[in-house]
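# Descriptive analysis of the structure
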Amino acid sequence: MTGTTLDIIAIGNAIVDVIAQADDAFIANEGIAKGSMRLIDPETAEGLYSRMGPGREISGGSAANTVAGIAALGGKCGFIGQVAEDQLGTVFAHDIRAVGVVYNTMSRRGDPSTARCLILVTPDGQRTMNTFLGASQFLPEAALDRELIASAAILYLEGYLWDPEEPRAAMRAAIDVARGAGRKVAFTLSDAFCIERHRGDFNRLMEEGLIDILFANEAEILSLAQTDDFEAAVATTAAKVPLLVVTRGAHGAIALKDGARFAVPAEPIARIVDTTGAGDLFAAGFLAGQTQGRSVQDSLTMGAIAAAEVISHYGARPEADLNELIAARLG
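Please read all numbers here as calculations on a predicted model, not as lab measurements. (Residues numbered from 1 in each chain as written. Predicted model: local features only at pLDDT ≥ 70, side-chain atom pairs only at ≥ 80, totals over all residues. Heavy atoms only, no water.)

### Some details on the packing of helix α3 (residues 62-72) against helix α10 (residues 278-291)
Relative to each other, α3 and α10 sit at 45°, their axes nearing to 8 Å. The pairing of α3 with α10 is recorded here as oblique in orientation. Crossing of α3 against α10: the hand is right-handed. Between α3 and α10, the contacting residues are Ser62, Asn65, Thr66, Gly69 and Ile70 on the first element and Asp280, Leu281, Ala283, Ala284, Leu287 and Ala288 on the second. In terms of residue class, the contact of α3 with α10 is made up of six nonpolar, four polar and one charged. (Axes fitted to C-alpha atoms, helices over the stretch in contact; angles between N-to-C directions. Helix = DSSP H or I, 4+ residues; strand = E, 2+ residues; numbered from the N terminus. Parallel < 35°, antiparallel > 145°, perpendicular 65-115°, else oblique. Left-handed = near helix turned anticlockwise from the far one by under 90°. Contact = heavy atoms within 4.5 Å. Nonpolar A, V, L, I, M, F, W, Y, C, P; charged D, E, K, R; others polar.)

### Observations concerning helix α8 (residues 218-225)
When we look at burial in α8, the residues that qualify are Glu220, Ile221, Ser223 and Leu224. Down the axis, α8 shows its buried residues gathered within 160° of arc, on one side only. Residues of α8 that are buried make contact with α7 (192-207), β11 (213-217), α9 (230-238) and β12 (243-247). Capping the start of α8 is the job of one residue whose side-chain oxygen sits 3.2 Å from the backbone nitrogen of alanine 219: asparagine 217. Two residues or fewer past α8, glutamine 226 is found with a positive phi of approximately 55°. (Buried < 20%, exposed > 50% of the residue type's maximum accessible area, 1.4 Å probe, protein only. Arc of directions from axis to C-beta. Polar contact = N/O pair within 3.5 Å; in protein donor to acceptor, adjacent residues only side chain to side chain.)

### Observations regarding the pattern of salt bridges
Pairing between side chains of opposite charge can happen when the charged atoms of each approach one another. Within this structure, the stated rule accounts for 15 salt bridges. Two residues, aspartate 201 and arginine 172, come together in a salt bridge whose shortest N-O distance is 3.4 Å. Here arginine 172 lies in helix α6 (residues 165-180) and aspartate 201 lies in helix α7, a separation of 29 residues in the sequence. Take arginine 172: its relative accessible area is 36%, and that puts it in the partly exposed class. A network of salt bridges, in which partner residues are shared, links Asp24, Lys34 and Asp124. (Salt bridge = Lys/Arg side-chain N within 4 Å of Asp/Glu carboxyl O.)

### Side note on the environment of isoleucine 195
Mapped onto the elements, isoleucine 195 comes out in helix α7. On the basis of relative accessible area, isoleucine 195 is assigned to the buried category, the value being 0%. Once the C-alpha coordinates of isoleucine 195 and alanine 216 are considered, the two residues, 21 residues apart in sequence, prove to be 11 Å apart. Setting aside residues no more than four positions away along its own chain, isoleucine 195 makes contact with Leu189, Phe202, Glu220, Ser223 and Leu224.

### Details of helix α2 (residues 42-51)
Residues Ala45, Gly47 and Leu48 constitute the buried set of α2. Packed against the buried residues of α2 are α1 (24-29), β3 (37-39), β7 (115-121) and β8 (127-132).

### A word on the sheet that holds strand β2 (residues 15-21)
Taken in spatial order, the five strands make up an open sheet running β3-β8-β7-β2-β4, and their pairing is mixed. Strands at the two margins of the open sheet, each flanked by one partner only, are β3 and β4 (56-60). Each neighbouring strand pair of the sheet contributes to a mean axis angle of 25°, computed without reference to strand direction. When β7 meets β8, the two strands line up antiparallel, connected through six bridges. (Pairing = 2+ DSSP bridges.)

In structure tokens:
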């Protein structure tokens, strides 16, 4: 394996989050399941946006949030994801480059517009996400920067983007490039709805030895294994991948590698403000630890610290100095 230029390159949805406060009554009146993530069409997006309270526009997207977090920890990162030639597309490109991430995917001309996620945050910090995927779901294989992919130690793929056919083909091609260069592939399951639609694909990727690191939360691992028994789900999945990482919200996180099990509690925080991006930043801390050569245990701790920081404020990108927070704990 030749030397690497980047620590991580990620492929995912290029989304701008619009975050607004809402009460439980508003969410109920809209007929939305609190705490869920749903895909919406342009008309639904426009209607909901018109009824939401004042919003803050912050660049997002699951894998993009992860590489932004890794960059904040000093990692060298790249991102591949498609926006449209519009105002939100310009916002996304500016924001991700401003945090030091290499981003050179060409913008898409014409409709649809850049993807947006309308996020309703209730007083208890729960976020309800309404996502219009827009231009991001048309990422073509031709948009891949193969040299950049081959230069990264780890290729990180977002399960959300596995749903549309065109980017799914692009990610399959990216796996081939990474594997051909002797790199590792990390995959995040993203959401139970992704698993319900693509469980067969995800299991085949693991069974064929194409996934080195798998990220999931508790609901996702249960859905993947099709069981209500958490320990059984973990055991079944861990047998298929070299490294499995499972987050459990307030119960912390676990990782399994080579038959060994590691665990960390959730980091204490004064108040949960917005849980948007908690899993994304956990993955950022963990992957940053791995690329720095740290142990699985320390990498879990880094993930927990990064997740705690991001849920202490609005938005899915870190605001405090993650390096200082981690240094205070791990040195």
